[in-house]
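# Breakdown of the fold
This is what each chain is made of:
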Amino acid sequence: MKKRTISTLLAGAMLTATILGCGGEGAQADTPNNSAQENAEAKPEDGAAAEAAPAADFVPGEFPISKEPITIRIMVPVSASQAKPLAELDMIQEYEEKTNVHVEWEEVSSEAYTEKYKLTLASGDLPDAFGPAFAYDPSVIYKYAQEGLIVPLDDYIQSSTVNIKKWMNEYDEFRALSTYPDGHIYALPSIDENQNIRVDNILYINQSFLNQLNMEMPQTLDELGDYLRAVTKKDLNGDGRNEYGLSFDALQPSKYTYLFGLFGVSWDTKSYMHSSQGTTSLAFAPTMEETRKALEYFHGWYEEGLLDPENFTQNGTQLKAKAKTEGVGASVVFWYLDLNDGDETLNEYRVMPMPEGPDKNQVWRRNGMIPGYSANQFFITSTNEHPEETLAFIDYWMDNSDNALINRFGPQGYSWDYLENGKWTELANIPSGEPRTMENSTLYCTWGTGIPYWCFGDFWSQKEITANTALERQGALNSSYMECAAPGLPELVYEESENREALNIKTDLFKYVDSQIAQFITNGVTDDSWNAYVKKCQDLQSDRWAELYQKYYDLMMAE
């Protein structure tokens, strides 16, 4: 396989930030770049173990992992779409017998997970590891790593894994992306280089409603408003009530911020910073004038009843139930299955090409610097008595091949299969003939929950897209969303003292911004309320937050 390097990554305008910032007390060099470089240079060749690596009582890649049965406890977020507890999955039960490793899965609702994992780390009553399918804050991970509650993985990777070590050695950017300012790897990513996820959430429109109204696909935000006015003034499904307009779940930051790009502001979901093509100068998105214009515009929609009043309260399960049976006019989601779960008998949803804003603005936020690279998805705590076995347990599923497919989609022949030409494809229907949904897929696979999966570009190149809905999404990304996508921004981890400062600032600052977005959309924006909002953001150190982010972003871009 061709070795991918940092310079290759830079050529594509992508790089990480976790290796940047001045080294902390545990650093081995004066600068983070040197620290990370020395760490990479010091890594042993395949088949050799690092001198400081603990001696494993097993051969990596061979089974059982443990001669005697052992138990590890892993906390994971789960969504309502996860049809079975992880412990009941056949693939997990069979694998536990094969490895002699039993996992007690501590499953926590994804809606409550943000507070739960932070409280758990703060309490000191820790599981052995934290699992994927959640955006862990790298600043939080680094804070507790510096306190000794989260352990470095560098030596364990070398001594106890096959796949993780292989890919970390062959894909230099993934090692760099996973390396913290002190030169250590504390958390493993999930990697899914599927070109269809370069942008995550996009606009979907109810094609069934469009057809009934005899309307064309909207080309502008104003035309979308005209469509929503027609939708919300009619009973299109015959249930005696007018329909919902624009509806989505209440993930924070609000999904409204995707639409703010149609007013010229790119609102990064992790940093709340704005980036523009052609410059590395960033701005704090929540206080930009473009944000105010967007808020004023959507308040007008709110007063007209074009916006679902539950947009700030409903979760994904509630949205899906509403969109599938009652129908919503439009939404901002990742996939049409998030709305009708594949059942198009009542409401058929289709991708909406990105419209123009009132001043012909077209900006859409990108899914991070490297689409598909989800940092900090699996980390081990200091209470874990079996760290080598824990990494070996997940390593098997990170092979960029069949095991990753099973982890992601279930057994061959269920929701994926090989074609006669040697390529593989996702199946639109399960063997019973029913449409494949998240629920019936997760009867047989983790869907990346609990165990990360690694699928690189060469893996996805062996897939043949056969589903029209996937082709439709890919076409929309290529023809509109990617063309207008802002430069992706990284999650930055700073030198230790500034890392703590930044973490403290954003905790209060982002919470306040989120609450005010809801207030402005529902109650409107005046000069006095906007000025008070900007002043409060400044009091909560928004200028310092932007200064810190710009400082470390500049260091990264200079490399």
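Model, not experiment: these values are computed from the prediction.

Conventions adopted
Residues numbered from 1 in each chain as written. Predicted model: local features only at pLDDT ≥ 70, side-chain atom pairs only at ≥ 80, totals over all residues. Heavy atoms only, no water. Helix = DSSP H or I, 4+ residues; strand = E, 2+ residues; numbered from the N terminus. Buried < 20%, exposed > 50% of the residue type's maximum accessible area, 1.4 Å probe, protein only. Core = buried A, V, L, I, M, F, W, Y, C linked by side-chain atoms within 4.5 Å. Contact = heavy atoms within 4.5 Å. Pairing = 2+ DSSP bridges. Axes fitted to C-alpha atoms, helices over the stretch in contact; angles between N-to-C directions. 1 Å grid on protein atoms, 1.4 Å probe; cavity = no way out; pocket = protein on both sides within 12 Å on 5 of 7 lines; lining within 4 Å. Points joined across faces, edges and corners; volume = space filled by probe spheres on them. Nonpolar A, V, L, I, M, F, W, Y, C, P; charged D, E, K, R; others polar. Right-handed = clockwise from strand over helix to strand, strands pointing away. pLDDT = per-residue confidence, 0-100. Expected span 1.5 Å × (residues − 1). Phe/Tyr/Trp six-rings, centres within 6.5 Å; stacked < 30°, edge-to-face > 60°.

### What about the overall build of the protein?
Regarding its fold elements, the protein presents 22 helices and 14 strands. Residues counted as buried form 56% of the 559 residues belonging to the protein.

### Here's the deal with the nonpolar core
Phe284, Phe298, Trp301 and Trp545 are the most contacted members of the largest nonpolar core, which totals 84 residues. Contacts of Trp545, omitting those with residues within four sequence positions, involve Ser271, Met273, Phe284, Tyr494, Ala502, Ile505, Lys506, Leu509 and Phe510. Formed by 43 residues, the second largest nonpolar core is a distinct cluster that contains Ile65, Leu153, Ile164 and Tyr373.

### Describing the sheet that holds strand E9 (residues 328–333)
Here 4 strands make up an open sheet; going across it, the order is E6-E9-E5-E10 and the pairing mixed. This sheet does not close on itself; its edge strands, each paired only once, are strand E6 (244–246) and strand E10 (349–351). Averaged over all pairs of adjacent strands, the angle between their axes in this sheet comes to 30 degrees, without regard to strand direction.

### Examining the pairing of E9
Of all 6 residues making up E9, 6 are buried, and the element is well covered by its neighbours. Inspection of the sheet shows strand E5 (residues 202–206) paired to E9 by 4 bridges, in the antiparallel sense. Residue Leu203 lies in a different strand from E9, and its bridge partner there is Val332. For E6 and E9, the ladder comprises 2 bridges, and the chain directions are parallel. Across the sheet, Leu246 pairs through a bridge with Ala330, a residue of E9.

### Description of empty space enclosed by the protein
Summed over all chains, the structure comprises 1 cavity of 30 Å³ or more. Around the largest cavity, the lining residues are Ser266, Asp268, Thr269, Ser275, Arg365, Arg366, Ala486, Pro487, Gly488 and Leu489. By residue class, the composition of the lining of the largest cavity is 3 nonpolar, 4 polar and 3 charged.

### Concerning the pairing of strand E2 (residues 101–109)
Across 9 bridges, strand E1 (residues 70–78) lies against E2 in parallel orientation. Across the sheet, residue Pro77 finds its bridge partner in E2, namely Val108. Handedness of the crossover is the feature at issue here: the chain leaves E1, passes through helix H3 (residues 90–99), returns alongside E2, and the resulting connection is right-handed.

### Remarks on the sheet that holds strand E3 (residues 129–130)
The 6 strands lie next to each other as E2-E1-E3-E11-E4-E14, forming an open sheet whose pairing is mixed. Of all the strands in the sheet, just E2 and strand E14 (454–455) have a single pairing partner and so form its edges. Here strand E4 (residues 188–192) runs beside strand E11 (residues 373–380); their pairing, made up of 3 bridges, is antiparallel. Paired with Leu188 across the bridge in E11 is Phe378.

### A word on the confidence of the model for the protein
Per-residue pLDDT for the protein averages 85, and the proportion of residues at 70 or more is 89%. The low-confidence segment residues 4–52 (pLDDT under 50) makes 106 contacts with residues lying over four places distant or belonging to another chain.

### A look at unusual backbone geometry
In this model, Phe63 is joined to Pro64 through a cis peptide bond whose omega is 0 degrees. Along the chain, Pro64 falls in the loop between helix H2 (32–41) and E1. Within the chain, Tyr272 stands out as a residue other than glycine whose phi angle is a positive 60 degrees. Within the secondary structure, Tyr272 is located in the loop between helix H11 (256–259) and strand E7 (273–274). Located in the positive-phi region is Asn400, a residue other than glycine, with phi close to 60 degrees. Looking at where Asn400 falls in the secondary structure, it is placed in the loop between helix H15 (387–395) and helix H16 (402–409).

### A closer look at helix H22 (residues 542–558)
Helix length check: H22, at 17 residues, gives a terminal C-alpha distance of 24 Å against a target of 24 Å (1.5 Å per residue), a fit within 8%. Among the residues of H22, those classed as buried are Ser542, Trp545, Ala546, Leu548, Tyr549, Gln550, Tyr552, Tyr553 and Met556.

### Observations regarding helix H10 (residues 221–232)
Between its first and last C-alpha atoms H10 spans 16 Å; for 12 residues at 1.5 Å apiece the expected length is 16 Å, and the two agree. Among all positions in H10, only Leu221, Leu224, Gly225, Tyr227, Leu228, Ala230, Val231 and Thr232 are buried. If you follow the buried residues of H10, they end up packed against E5, helix H9 (207–213), E6, helix H12 (289–304) and E9.

### Thoughts on the packing of aromatic side chains
On inspection of all chains with the given rule, the structure shows 54 aromatic pairs. Taking 5.0 Å as the distance between ring centres and 85 degrees as the angle between the ring planes, the aromatic pair formed by Tyr136 and Phe379 counts as edge-to-face. With Tyr136 in the loop between E3 and helix H5 (138–146) and Phe379 in strand E11, the pair connects residues that are 243 residues apart, well separated along the chain. Note on Tyr136: relative accessible area 0%, which makes it buried. Between Trp454 and Phe456 the ring centres are 6.3 Å apart and the planes differ by 50 degrees, which places this aromatic pair in the tilted class.

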